[in-house]
Each structure stands twice: as C-alpha cells, then as structure tokens.
Amino acid sequence: MKTRITELFEIEHPIIQGGMHYVGFAELAAAVANAGGLGIITGLTQKTPELLAREIARCRDMTDQPFGVNLTFLPSLASPPYPEYIAAIVEGGVRIVETAGRSPEKYMPALKAAGIKVIHKCTSVRHSLTAQRIGCDAVSVDGFECGGHPGEDDVPNMILLPRAADALKIPFVASGGMADGRSLVAALALGAAGMNMGTRFIATKEAPVHDNVKQAIVAASELDTRLIMRALRNTERVLKNAAAERVLEIERQKGAAVVFDDIREQVAGVYPRILREGILDAGVFSCGMVIGLIEDIPSVKELIDRIMAQAEGLIRERLMGVLGAAA
Ligand SMILES: Cc1cc2nc3c(=O)[nH]c(=O)nc-3n(C[C@H](O)[C@H](O)[C@H](O)COP(=O)(O)O)c2cc1C
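These remarks concern the structure in this document. What you are looking at is a predicted structure, and each value in this text was computed from that prediction instead of being measured.

Assigned secondary structure in the protein consists of 14 helices and 10 strands. Taken over the C-alpha trace, the protein has a radius of gyration of 19 Å; the compact-globule value for 327 residues is 20 Å, and the two agree within 12%. Overall, the C-alpha framework of the protein stretches about 60 × 45 × 35 Å when taken along its three principal axes. Counting over 327 residues, the protein shows a buried share of 53%. Within the protein, residue pairs in contact and separated by at least 24 positions form 63% of the contacts whose partners lie at least 6 positions apart. Carbon together with sulfur atoms contributes 55% to the accessible area of the protein, which is approximately 14,300 Å² in total. Computed over 35 positive and 39 negative side-chain charges, the separation of the two mean positions in the protein equals 3 Å.

Structure below.
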C-alpha cells in the first residue's frame, strides 16, 4: 500500500504507533519500525533530555528503520525543558516528531531547521487547520473514541475524518478506535492516508507493560471506558476501574467547583505503578473504546501483517465484489 503517509515517512505500511506515556519505550517503537510501521518513543516518559537521548540510542540499536519521538505539550505551569528535548531528538538523528497537546507553533522553527517532519495530533478540524498553517507536514486526527485526551468537542471519527478530508491539504491519519484491517480500509475510505493506533499496540507481546494491563484490555468491552476531568476541560478517556469510579464520584460531589488537587491522588504520577507493576487500581490510565475490538496479544509483526492482509482482502474481495455484484 502506497499513501501520502508511507511516502512522507518512508515507511512500508500506513500504520503509526502513537506516543503513549510509559508504553512508548524503545522496545515498542523498534518493534513497530521493524514491522514496517512508524514506531514512536514517548519523549516525556524520559524524565530528562539526557535520558531521552539514551532511549533514542537504544531504539537505534534495535532497528535501522525510521522511528519518531512524541513531544506532548502539557497544559501545565511547570513546563518541561522542551528546547533541550528537541536538541536530544535532533542530535539523536531522529527525523520525525509527533506533537500533541498544545500547538507546537513556538517550536516549529527549531524542528523545521533540523529537517524534522512534524505530525501534530489534533481532536478538531480547526486545530488541524492551525497545524497546517504553521507548517506541520501531516496531522493525526483523533476522534472522540480515542484513548487519552479526546478534546471537548466530542465528534466521532465517522464525522471528523471526512470533515478533515474536505478541509485539509496536508495528509492525515485516522486516530482513535483503530484496531484492524477494517479500521484501515474505513480510514482510507473516509479520506485518511493511514491510521494511528494507541490502545491496540498495548496488547502486543513487545509492549513493555505488565501482563495484567494487557489481560485487562483483552477482557474489557467497548462499554468499559470512562471520561474524567470534563469539568477541568482536560477530558481524558480511561479504563473503567476503581480509581476512575472514585474520580467520577469526587467530580459528582464537587460539580463545577472541582479542582485538580481533588483528584490528584488518582491521576498524577500513577503510570509506573499501573503499567510497570500491574497494580490496575493504583490510578487511572488512558484507554480507548477500541478495547471492545481487542481479543488477543499478538506480536507487533503478527498484528501489522494481519492488518495489512485483512485490509487488502477487504479491498479486493468485499469492495471490488460489491462493484462486481452491481455490474
Ligand atoms: C496508555 C496511553 C497513554 C497515552 N499517552 C499519550 C501521550 O503521552 N502523548 C500523546 O500525545 N498521546 C498519548 N496517548 C494517545 C495515543 O497516542 C493515541 O492518540 C490514542 O491512543 C489513539 O486512540 P486509540 O487508543 O483508540 O487507538 C496515550 C494513549 C494511551 C492508551
């Protein structure tokens, strides 16, 4: 399959593994790169730019294929040293950056001067148009289904993707709810040039997370996510667990008066205990509705090969077949 995304990033398959806090380590990014997709290391999971440089070097040892780094611009006052993280990316020879969160505008000159291709993840057409205007090479359009932060507009991909296709000149991938060959063919039909997956990649052999997390994803259905932090206008889709129920209870009690400190215990700094130690109720963690479509824990290569084979089969047999039947 050749699309504007495979050409832009010089990858074999139009499949991207989105940055994921405490999941996007070198092992996963390299496995995706070796399987022909675009693997992405999560920049801020590395506590310092020096540690990110080390993680990039580790990934380079595991693959000779292109991979990227995610830089999430947080809505927090204590801002990480982004210029130094960017320096680590540039010096590490990485040529692809996935940005997310706030607009990357301030950092575009530095990224572009280093010849880096930027794909910005957005949850709305208006933010996608801003990304295009400030010089991003592509966008990842993240629908309401997605794991993590779906924004506040609540527009699912069935509407958001064709709207993006009508509005954008730069290529985009569909993100949120993507799991298999059906997702990929649908994404292409709706105007995307590929797809970005988060949650699906957690339930793979190479994802360096505790088995409890993978098993929980396999066991869950599409009804098992919750939206938290709505009143803070920092909505996050998380797996339903005891911590998520606690956050929702606090939010119900406090209403519009809720502040971050009220839920800090369930939300801040909890990822290592959940994802590394496998203590699922230690806090909340991002998770997409796509868990309803995840039934196994394949290797990354098995997953990507299966997606591509299913997509090709769907195009050749089902879609062409529909035309044949009509003729
Ligand atoms: C556990 C987890 C952690 C995530 N962390 C980040 C992050 O740090 N930065 C980011 O830009 N996106 C993050 N995401 C979002 C993903 O990159 C991706 O956009 C999203 O998972 C797509 O939706 P899906 O889960 O339905 O595939 C995270 C998602 C998950 C599931």
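Our focus in this paragraph is the pattern of salt bridges. Counted according to the given criterion, the structure contains 17 salt bridges. Across the pair Asp-296 and Arg-200 runs a salt bridge whose closest N-O atoms are separated by 3.2 Å. Of this pair, Asp-296 sits in the loop between helix H13 (271–276) and helix H14 (300–326) while Arg-200 sits in helix H9 (residues 199–202), and the two are 96 residues apart along the sequence. Take Arg-200: its relative accessible area is 2%, and that puts it in the buried class.

Okay, the packing of helix H6 (residues 125–133) against helix H7 (residues 157–167) next. Across the interface, H6 lies against H7 with an axial gap of 10 Å and an inter-helix angle of 35 degrees. By crossing handedness, the relation of H6 to H7 is classed as right-handed. Where H6 abuts H7, its residues Val-125, Leu-129 and Gln-132 lie against Leu-160, Arg-163, Ala-164 and Ala-167. Residue composition of the contact of H6 with H7, grouped by class: 5 nonpolar, 1 polar and 1 charged.

This part takes up the pairing of strand S3 (residues 67–73). Counting buried positions along S3 gives 6 out of 7 residues, so the element sits mostly inside the fold. With 4 bridges connecting them, strand S2 (residues 39–42) and S3 associate as parallel partners. Looking at S3, one finds that Ile-41 is bridged to Val-69. Read from S2 through helix H3 (residues 49–62) to S3, the crossover connection turns out right-handed. Both S3 and strand S4 (residues 96–101) contribute to a ladder of 5 bridges, which runs parallel. Looking at S4, one finds that Asn-70 is bridged to Glu-98.

The next subject is the packing of helix H2 (residues 26–34) against H3. Viewed as axis vectors pointing N to C, H2 and H3 meet at an angle of 35 degrees, and their least axial separation amounts to 9 Å. As H2 runs across H3, the sense of the crossing is right-handed. Residues Ala-26, Glu-27, Ala-29, Ala-30 and Asn-34 of H2 form the contact with H3, whose participating residues are Glu-55, Arg-58, Cys-59 and Met-62. Across the contact of H2 with H3, the residue classes tally to 5 nonpolar, 1 polar and 3 charged.

Reading the values: rules and limits
- Each chain has its residues counted from 1, running along the sequence as written.
- Local features in a predicted model are, by the rule used here, given only for residues with pLDDT of at least 70; side-chain atom pairs are given and counted only at 80 or more, and totals for whole chains, interfaces and linings are based on all residues.
- The basis for every side-chain value is the complete set of non-hydrogen atoms in the structure, without hydrogens or water.
- Each helix is a run of DSSP H or I of at least 4 residues and each strand a run of E of at least 2, with the numbering of both proceeding from the N terminus.
- Using C-alpha atoms as the atom set, the radius of gyration is obtained and then compared with a globule rule of 2.2 Å times the number of residues to the power 0.38.
- For each residue, the accessible area found with a 1.4 Å probe, counting protein chains only, is set against the maximum for its type, and the residue is called buried under 20%, exposed over 50%, and partly exposed in between.
- The contact definition used throughout considers only heavy atoms, calling two residues in contact when any of these lie within 4.5 Å.
- Per-residue and other accessible areas follow the Shrake-Rupley method at a 1.4 Å probe size, with only the shown protein chains counted as cover for residues.
- For the purpose of charge, His is not counted, nor are the chain termini; Lys and Arg are scored as positive and Asp and Glu as negative.
- The atoms used to mark charge sites are NZ of Lys, CZ of Arg, CG of Asp and CD of Glu.
- We define a salt bridge as a side-chain nitrogen of Lys or Arg found within 4 Å of a carboxyl oxygen belonging to Asp or Glu.
- Between N-to-C directions, angles span 0 to 180 degrees; the directions come from axes that are lines fitted to C-alpha atoms, helices contributing only their stretch in contact.
- By definition, turning the near helix anticlockwise from the far helix through less than a right angle yields a left-handed crossing, and turning it clockwise yields a right-handed one.
- For this classification, Asp, Glu, Lys and Arg are treated as charged, while Ala, Val, Leu, Ile, Met, Phe, Trp, Tyr, Cys and Pro are nonpolar and the rest, including Gly, are polar.
- By this definition, two strands are paired if DSSP reports at least two bridges between them.
- Orient the strands so they point away from the viewer; a crossover is then right-handed if the path from the first strand over the helix to the second runs clockwise.

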